[in-house]
Every structure is written in structure tokens, then in C-alpha cells.
Amino acid sequence: MACKLAKKEDRTDVCALPYGINTPAGFLTVFMVMLPILFDNNPASVEISPEDFATRSFWGACCANFIGGIIECLGMVFGQFFRKHIPRAALFGPVCGVGFVD
């Protein structure tokens, strides 16, 4: 999709999510990572330049994505253990959350 858009609009600054948006993780990232960064670095209450604010927000999001990736890798390693020891209804909880949000 990104290649098609880049060719159509003659741009090189486009990207695409290959697997779509994970809605529960998106809400968690916004409200539990980005919102606290905003509150800690609010330009209205803290003397901070727009560039520093953008940099801190960017690195906060990168750290959150990296930690999420580590958790997903741990899920690959311990996935069978979780499937055997966690009730099936608990594993369907996040899927139900997507149904309520979308």
C-alpha cells in the first residue's frame, strides 16, 4: 500500500502497517504511554521547545513499541504454556475488547 501511494503521489515519506492496527494496544499506547508523556512535558506548564517535546514523545513511543515487541516475543516462547494453563475465556478477553471498540 505504501509503495503504491508513494508512486502515485511521487513521495518517499510514506509507510504502512503490514498487519493492521491492534485496537486494544493502540488505546493502551495512547492513554498509558503518550498521555503521561504529555502531562509530564506539557508546554503550558513546563518550559520546553516544540522540538524537545516532539523528541521526547517520539522516544517514548519507540520505547513502548520495543517493550511491546519483547512481550510478543515472550508470547512466542511461552505461548503453549499460556494456552495450557490460562482458561480459554480469559484468552478471548482482548478479542471481545476489539468488538466493543470497533
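Residues numbered from 1 in each chain as written. Predicted model: local features only at pLDDT ≥ 70, side-chain atom pairs only at ≥ 80, totals over all residues. Heavy atoms only, no water.

All right, on to the overall build of the protein then. Check the secondary structure of the protein and you find five helices and zero strands. Ordered by position from N to C terminus, the α and β elements of the protein give α-α-α-α-α. Out of the 102 residues belonging to the protein, those deemed buried represent 9%. Summed over all atoms, the accessible surface of the protein reaches about 8,800 Å², with 68% contributed by carbon and sulfur. (Helix = DSSP H or I, 4+ residues; strand = E, 2+ residues; numbered from the N terminus. Buried < 20%, exposed > 50% of the residue type's maximum accessible area, 1.4 Å probe, protein only. Areas by Shrake-Rupley, 256 points an atom, 1.4 Å probe, with all protein chains shown as cover.)

Turning our attention to the side chain of S57. Inspection of the secondary structure assignment puts S57 in helix α3 (residues 50-85). Of the polar contacts made by the side chain of S57, one reaches the backbone oxygen of F53; its length is 2.9 Å. Apart from residues lying up to four places away in sequence, S57 is in contact with M34 and I37. (Polar contact = N/O pair within 3.5 Å; in protein donor to acceptor, adjacent residues only side chain to side chain. Contact = heavy atoms within 4.5 Å.)

What follows covers the pattern of salt bridges. Under the counting rule described, the total for this entry stands at two salt bridges. In this structure, the salt-bridge partner of E9 is R11, at a minimum N-O distance of 2.6 Å. For R11, the salt bridge is made with D13, and the minimal N-O distance between the two is 2.9 Å. Classification of R11 as partly exposed rests on a relative accessible area of 33%. (Salt bridge = Lys/Arg side-chain N within 4 Å of Asp/Glu carboxyl O.)

Okay, the side chain of N41 next. In this fold, N41 is placed in the loop between α2 (23-40) and α3. Setting aside residues up to four positions removed in sequence, N41 forms contacts with I48, F53 and R56.

This part covers the packing of α2 against α3. At a minimum axis separation of 10 Å, α2 and α3 run at an interaxial angle of 155 degrees. Classed by the angle they form, the pair α2 and α3 counts as roughly antiparallel. In this structure, the crossing between α2 and α3 has a hand that is right-handed. Across the interface between the two elements, V33, M34, I37 and L38 from α2 touch F53, R56, S57, G60, A61 and A64 from α3. Classifying every residue of the contact of α2 with α3 by side-chain character gives seven nonpolar, two polar and one charged. (Axes fitted to C-alpha atoms, helices over the stretch in contact; angles between N-to-C directions. Parallel < 35°, antiparallel > 145°, perpendicular 65-115°, else oblique. Left-handed = near helix turned anticlockwise from the far one by under 90°. Nonpolar A, V, L, I, M, F, W, Y, C, P; charged D, E, K, R; others polar.)

Mapped onto the elements, F58 comes out in helix α3. Once the C-alpha coordinates of F58 and I37 are considered, the two residues, 21 residues apart in sequence, prove to be 10.0 Å apart.

Here the phi dihedral of D10 falls at roughly 50 degrees; this positive angle occurs in a residue that is not glycine. Mapped onto the fold, D10 is located in the loop between α1 (2-9) and α2.

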